[in-house]
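If you want the building blocks of each chain, they are given just below.
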Amino acid sequence: MTSEEFRQAAHEMVEWMATYLEEVENYPVKPNVEPGEIYEQLPDHAPQKGEPMAAIFEDFRQIIVPGMTHWQSPSFHAYFPGNSSKPSVLAEMLTATLGAQCMVWATSPAATELEDRIMEWLRTMVGLSDDWAGSIQNGASDATLNALLTAREKASGFTANYTGLGRQRYRVYASEQAHSSVDKAVAIAGIGRDNLVKIPVDDAYALRPELLAEAIEQDLAAGYQPLMIVAALGTTGTTAIDPLADIVAIGRQHQLWVHVDAALAGTALLLPEMRWLAAGLEQTDSFVFNPHKWMFTNFDASAYFVKDKQALINTFSITPEYLRTPEDNRVNNYRDWGIPLGRRFRALKLWFVIRSFGLEGLQAKIRLHLQLTQWFREQVEGHPHFEVAAPVPLNTVCFRYYPVGPSPEELNSLNEQLMHRLNRSGEIFLTHVKLNGRFVLRMVIGQTEVQQRHVEKAWRLIKEMAASLPVKN
Ligand SMILES: *Cc1c(COP(=O)(O)O)cnc(C)c1O
């Protein structure tokens, strides 16, 4: 590709990008495709000869776009958002153009030092003190694994990395509602999934601290070594808030590492009026939140903060000769802060997003989302045939259709049908959670461009489709 061809194709694609973002709300949020439908349209061999960009771009539009789920649609209410924004997209273009490997300071000083600054900004933005050190990780899953590996090394006097786990019988604690990444982390870290103790939750789906304390006592009596507690600030199912202050007190008593998984909810801490959610956070050992979920920054950008930076580095630092540099003791070499050696220049998009919105701009969007969520909750509560299924502290309403008459099983089946019909319509996309055997829909309102009218549309569709379901009385 010549420079001239690059320039022309790039302009065309930027045009397409701008139009796409203007029109994305008109696309079916979830595509109506069968498994294999996209695959069958793709040739079974790589081309022998290079093809013109125009042909490649045409196939992108004809084959790929119709098979995409449109995560940037304001009617995307599924999972948690993977939202983005125009400044973030622009930064990603520049990151790709620079194409730098930012593993150590010397391989791109500006990338490291911008990350240093951005992590300080983010730390202050969520209300943490400067006792914390931060770095960008791929995701909350990676950060939780990092925290666990660091806790393991610290507890073993930094020997487990050398000698393996030996006879230690470590135990990790998290609520029944904790994210599956915690199960993965204990498996990968060699702790063993059987040593992840799932603590029951209360009516609000939050961890019950008295049962946590009991479980730790029992484990100590049985000869286990309690290692870490993972507290969820905003569970994935219902955005439940585990009682951090109580958990911190228990952690302190037994000298356990307390890790806080706030993948989605961390962004809410940009609002001073939401900081009560995180009372006790300052006393924990590590904290992760995902700007790539709710802070308008393209995946991947997860912000991981840790108190004991040296323990983190001691856990991950392995320095082969070719990576030694004269600046090593004066700079951050972020390859020592996690598992991968190679690192993308991810601080750039956070810089663009934070500067372009300003703290006030970010706060205004998050406040709007929280208001829209409360509006939706009120509609559900005010309707005789719907019910809210869990408290609504953040941007997610768990609810279900609840007409009079059907048995619990029929109710589950009705709600499942309702969800499939809504999603097949392409008008909105939402997902579900099982709560105490009940099939419950989740309405998440965190899309970058979501407005009142999109939430009103969703509620109207939900009511209409529910009313059209065949209910046995
Ligand atoms: C989304 C989520 C995760 C996983 O985040 P990744 O960045 O995809 O690894 C972990 N914990 C919670 C509570 C989540 O909501």
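Note that residues are indexed from 1 along each chain, following the sequence as it is written. Local features in this predicted model are restricted to residues of pLDDT 70 or higher, and side-chain atom pairs are both shown and tallied only at a pLDDT of 80 or more, whereas totals for entire chains, interfaces and linings draw on every residue. Each side-chain value is worked out from all heavy atoms of the structure, with water and hydrogens disregarded.

> How do you make sense of the overall build of the chain when you look at a structure like this?
Secondary structure counts use DSSP, requiring at least four H or I residues in a row for a helix and at least two E residues in a row for a strand, with both numbered from the N terminus. Across its full length, the chain carries 14 helices and 11 strands. Using C-alpha atoms as the atom set, the radius of gyration is obtained and then compared with a globule rule of 2.2 Å times the number of residues to the power 0.38. For 473 residues, the compact-globule estimate of 2.2 N^0.38 gives 23 Å, and the chain sits close to it at 24 Å. Reported as C-alpha extents along the three principal axes, the dimensions of the chain are approximately 65 × 60 × 45 Å. The long-range fraction of contacts in the chain, counting pairs at least 24 apart against all pairs at least 6 apart in sequence, stands at 74%. The accessible surface values rely on the Shrake-Rupley method and a 1.4 Å probe; as for residues, cover is taken only from the protein chains in view. Counting every atom, the chain has about 22,000 Å² of accessible surface; 52% of that belongs to carbon and sulfur. Side-chain charges of the chain comprise 43 positive and 55 negative groups, with the mean position of each set lying 2 Å from the other. Residues are treated as being in contact if the distance between any of their heavy atoms lies within 4.5 Å. Two residue types count as positive, namely Lys and Arg, and two as negative, namely Asp and Glu; His and chain ends fall outside the count. In plain terms, the charge of a residue is placed at NZ if it is Lys, CZ if Arg, CG if Asp and CD if Glu.

> Any chance you could explain a nonpolar patch on the surface here in plain terms?
On the surface, a nonpolar cluster with roughly 400 Å² of combined accessible area is contributed by M1, F6, M53 and I56. Each residue gets one of three labels from its accessible area relative to the maximum for its type: buried under 20%, exposed over 50%, partly exposed in between, using a 1.4 Å probe on protein chains only. Classification of F6 by relative accessible area gives partly exposed; the value is 48%. Note on patches: the residues involved have over 30% relative accessible area and no salt bridge, like charges join within 9 Å, and the nonpolar side chains Val, Leu, Ile, Met, Phe, Trp and Tyr join within 5 Å. Criterion for a salt bridge: a side-chain nitrogen of Lys or Arg within 4 Å of a carboxyl oxygen of Asp or Glu.

> Can you walk me through the side chain of N412 in this structure?
Within the fold, N412 resides in helix α13 (residues 408-424). A 3.5 Å cut-off defines polar contacts: any pair of N or O atoms within that distance qualifies, except that in protein one atom must be a possible hydrogen donor and the other a possible acceptor, and neighbouring residues in sequence count only when both atoms are side-chain atoms. A polar contact of 2.8 Å, which involves the side chain of N412, links it to the backbone nitrogen of F439. Sequence-distant contacts of N412, that is, excluding residues within four places in its chain, are made with R400, K434, G437, R438 and F439.

> Could you clarify how one ought to interpret the packing of helix α5 (residues 140-155) against helix α11 (residues 309-316) in this entry?
A pair of packed helices is captured by two measures, namely the crossing angle of their axes and the spacing between those axes. Viewed as axis vectors pointing N to C, α5 and α11 meet at an angle of 90°, and their least axial separation amounts to 9 Å. Of the possible angle classes, the one that applies to α5 and α11 is roughly perpendicular. Contacts from N146, L149, T150, E153 and K154 of α5 reach α11 at A311, L312, T315 and F316. The residue classification treats Ala, Val, Leu, Ile, Met, Phe, Trp, Tyr, Cys and Pro as nonpolar and Asp, Glu, Lys and Arg as charged. All others, Gly included, are polar. Across the contact of α5 with α11, the residue classes break down as four nonpolar, three polar and two charged. A fitted line through C-alpha atoms serves as each axis, taken over the contacting stretch for helices, and the angle formed by two N-to-C directions is quoted from 0 to 180°. In what follows, roughly perpendicular refers to angles from 65 to 115 degrees, roughly parallel to angles under 35, roughly antiparallel to angles over 145, and oblique to any angle outside these ranges.

> Explain the sheet that holds strand β2 (residues 170-175) to me, please; I cannot follow it from the model alone.
Whenever strands of a sheet pair, they do so through backbone hydrogen bonds, lying parallel or antiparallel. Strands are labelled as partners when DSSP assigns at least two bridges between them. Strand order in the open sheet formed by seven strands is β1-β7-β6-β5-β4-β2-β3, and the pairing between neighbours is mixed. The open sheet has two edge strands, β1 (133-137) and β3 (196-199), and neither has a second partner. This sheet shows a mean twist of 20° between the axes of neighbouring strands, independent of strand direction. Inspection of the sheet shows strand β6 (residues 286-289) paired to strand β7 (residues 302-306) by four bridges, in the antiparallel sense. The residue bridging V288 from the neighbouring strand is Y304, located in β7. In the packing of α5 onto the sheet, the strands contacted are β1, β2, β4 (225-232), β5 (257-261), β6 and β7, and the crossing angle to β5 comes to about 180°.

> What exactly am I supposed to notice about the packing of helix α3 (residues 86-98) against helix α12 (residues 347-382) here?
Running from amino to carboxyl end, α3 crosses α12 at an angle of 150°, the nearest separation of the two axes being 8 Å. The orientation of α3 with respect to α12, classified from their angle, is roughly antiparallel. Taken as a pair, α3 and α12 cross one another with a handedness that is right-handed. Contact residues: α3 offers P87, S88, A91, E92, L94 and T95, while α12 offers L348, K349, F352, V353, S356 and F357. Looking at side-chain class alone, the contact of α3 with α12 contains seven nonpolar, three polar and two charged residues. Note on convention: near helix rotated counterclockwise from far helix by under a right angle means a left-handed crossing. Clockwise means right-handed.

> Just to check I follow, could you spell out the side chain of T431 for this structure?
Mapped onto the secondary structure, T431 falls in strand β10 (residues 431-435). Of note is the side chain of T431, whose polar atom sits 2.8 Å from the backbone nitrogen of Y79. With near-sequence residues (within four places) excluded, T431 lies in contact with A78, Y79, M419, V440, L441 and R442.

> Explanation requested: the domain arrangement of the chain in the structure shown.
A common way to report how large an interface is uses the accessible area buried once the components associate. Domain segmentation is taken from an automatic or database assignment of domains. As assigned here, the chain comprises domain 1 (1-30 + 69-85 + 358-473) and domain 2 (100-344). Taking only C-alpha atoms into account, the centre of domain 1 sits 30 Å from that of domain 2. Between domain 1 and domain 2, the contact holds 30 residues from the first and 29 residues from the second. For the domain 1 and domain 2 pair, buried surface summed over both sides reaches about 2,400 Å², with 69% attributable to carbon and sulfur atoms. Buried area is understood as the total, over both parts, of accessible area removed when two parts are fitted together, assessed with a 1.4 Å probe.

> Would you mind showing me how to read the site of the ligand here?
One heavy atom suffices: a residue is near a molecule or strand as soon as one of its heavy atoms comes within 4 Å of it. Near the ligand lie 13 residues; those nearest to it are A140, S141, D261, N290 and K293. N290 is positioned with one of its side-chain polar atoms (N or O) 2.9 Å from an oxygen atom of the ligand. Alone, the ligand offers 380 Å² of accessible surface; in the complex the protein occludes 86% of this. Only α5 and α10 (291-294) provide two or more residues apiece to the shell around the ligand. A class-by-class count of the residues in the shell around the ligand yields three nonpolar, eight polar and two charged.

> Help me understand the pattern of salt bridges, please; the structure alone is not making it clear to me.
A side chain with one charge can pair with a side chain of the opposite charge if their charged atoms come near. Here the structure, examined in full by the defined rule, presents 22 salt bridges. Salt-bridge contacts for E449 lead to K365; the nearest nitrogen and oxygen are separated by 4.0 Å. Here K365 lies in helix α12 and E449 lies in the loop between β11 (438-444) and α14 (452-467), a separation of 84 residues in the sequence. Judged by its relative accessible area of 39%, E449 is partly exposed. Looking at K365, the relative accessible area reads 19%, which means it is buried. R377 is the partner of E381 in a salt bridge, and the nearest nitrogen-oxygen pair spans 2.8 Å. One end of the pair is E381 and the other is R377, both in helix α12 and four residues apart, which spans about a single turn. Look at R377 and you get buried, because its relative accessible area is 18%. Each of E92, D300, R344, R346 and K349 takes part in salt bridges that share partners, so that together they form one network.

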